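# Overview (structure and organization)
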Amino acid sequence: MLSDNILILRNLNGYSQEEVAEKIGISRQAYAKWEKGETIPDVERCMKLADLYGTTIDALVRPAEKIGNTVLSPGPRGKHIFGTVKVNSRGQIVIPKAARELFDIQKDDTLVVLADESEGIALIKTEVLEQRLNAFYDCSRKKIDE
């Protein structure tokens, strides 16, 4: 959990244990014990680690997510991986509960399916896309009128 996540994040960021320890104000030995799972940091140190890696304390302490056999690092603040879903024989998927709650997706809501052929698909609530498009068009009209 925490030990795996901080090891992954440290390696992804190219830091040595010494560099991380210095940045958060502890000894390298204390940090090494966290990575080995021998001890755990206090909340203040967890906040410093989360800030250093641009993530949240919650993401640091949760078990690492896996996609297939690949272990994922904790995501940056505001970015989420809600796990995997299976497409049924009718082409339907079930949006994970945590995602529905975070984005307030309710029964009978209408979602727009966006796609990029090289990147994949994304969902957005119709009213959110409409608001963004209207703001874009309003901005474009103002530039034309100037």
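For every chain, the first residue of its written sequence is number 1, and the numbers climb from 1 along that sequence. Two thresholds apply to this predicted model, a pLDDT of at least 70 for residue-level local features and 80 or more for giving and counting side-chain atom pairs, whereas whole-chain, interface and lining totals are computed over all residues. Processing note: side-chain calculations cover all non-hydrogen atoms of the structure and skip hydrogens and water entirely.

Attention now moves to the overall build of the protein. Here a strand is any run of E in DSSP of at least two residues, a helix any run of H or I of at least four, and the numbering for each starts at the N terminus. Looking only at helices and strands, the protein has seven helices and four strands in total. Along the chain direction, N to C, the helices and strands of the protein fall in the order α-α-α-α-α-β-β-α-β-β-α. In terms of overall dimensions, the protein is more spread out than a globule: its C-alpha atoms have a radius of gyration of 21 Å, far above the 15 Å expected for 146 residues. Seen through its C-alpha atoms, the protein measures out along the principal axes to roughly 60 × 50 × 30 Å. The globule rule is 2.2 Å times the number of residues to the power 0.38, and the radius of gyration it is compared with is taken over C-alpha atoms.

What follows concerns the packing of aromatic side chains. Two rings from Phe, Tyr or Trp (for Trp, the six-membered ring) form a pair when their centres are within 6.5 Å of each other. A pair whose planes differ by under 30 degrees is stacked, one over 60 is edge-to-face, and the rest are tilted. Throughout the structure, instances matching the rule amount to three aromatic pairs. On the numbers, 5.9 Å between centres and 65° between planes, the contact of Tyr31 with Trp34 is edge-to-face. With Tyr31 and Trp34 both in helix α3 (residues 28-36) and three residues apart, this pair spans about one turn of that helix. For the pair formed by Tyr31 and Trp34, the shared burial category is buried. Burial classification: accessible surface area is computed with a 1.4 Å probe over protein chains only, and a residue below 20% of its type maximum counts as buried, one above 50% as exposed, and the rest as partly exposed.

Bringing the nonpolar core into the picture now. One recurring pattern in soluble globular proteins is that nonpolar side chains are buried together. Only buried residues count toward a nonpolar core. Its members are Ala, Val, Leu, Ile, Met, Phe, Trp, Tyr and Cys residues joined through side-chain atoms within 4.5 Å. If you look at the biggest cluster of nonpolar residues, it comprises 13 residues, and the most contacted ones within it are Ile6, Tyr31, Trp34, Leu49 and Leu60. For this core, the elements supplying multiple residues, two or more each, are α1 (2-12), α2 (17-24), α3 and α4 (43-53). By the convention used here, residues are in contact when the closest approach between their heavy atoms is within 4.5 Å. Among residues more than four places away in sequence, those in contact with Leu49 are Ile6, Val20, Ile24, Tyr31, Trp34, Pro41 and Leu60.

Looking at the element boundaries, Asn13 is found in the loop between α1 and α2. Classification of Asn13 as partly exposed rests on a relative accessible area of 37%. The spatial distance from the C-alpha of Asn13 to the C-alpha of Leu133 is 36 Å, given a sequence separation of 120 residues.

Before going further, it helps to spend a moment on a nonpolar patch on the surface. A patch consists of residues exposed above 30% relative accessible area that lack any salt bridge, with like charges linked at up to 9 Å and nonpolar side chains (Val, Leu, Ile, Met, Phe, Trp, Tyr) linked at up to 5 Å. To be clear on the numbers: accessible area is Shrake-Rupley with a 1.4 Å probe, and residue cover counts the displayed protein chains and nothing else. A carboxyl oxygen of Asp or Glu within 4 Å of a side-chain nitrogen of Lys or Arg is what we treat as a salt bridge. Judged by side-chain polarity, Val85, Val87, Ile93, Val113, Ile121 and Leu123 come together as a nonpolar surface patch covering roughly 570 Å² of accessible area. For Val113, a relative accessible area of 55% translates into the label exposed.

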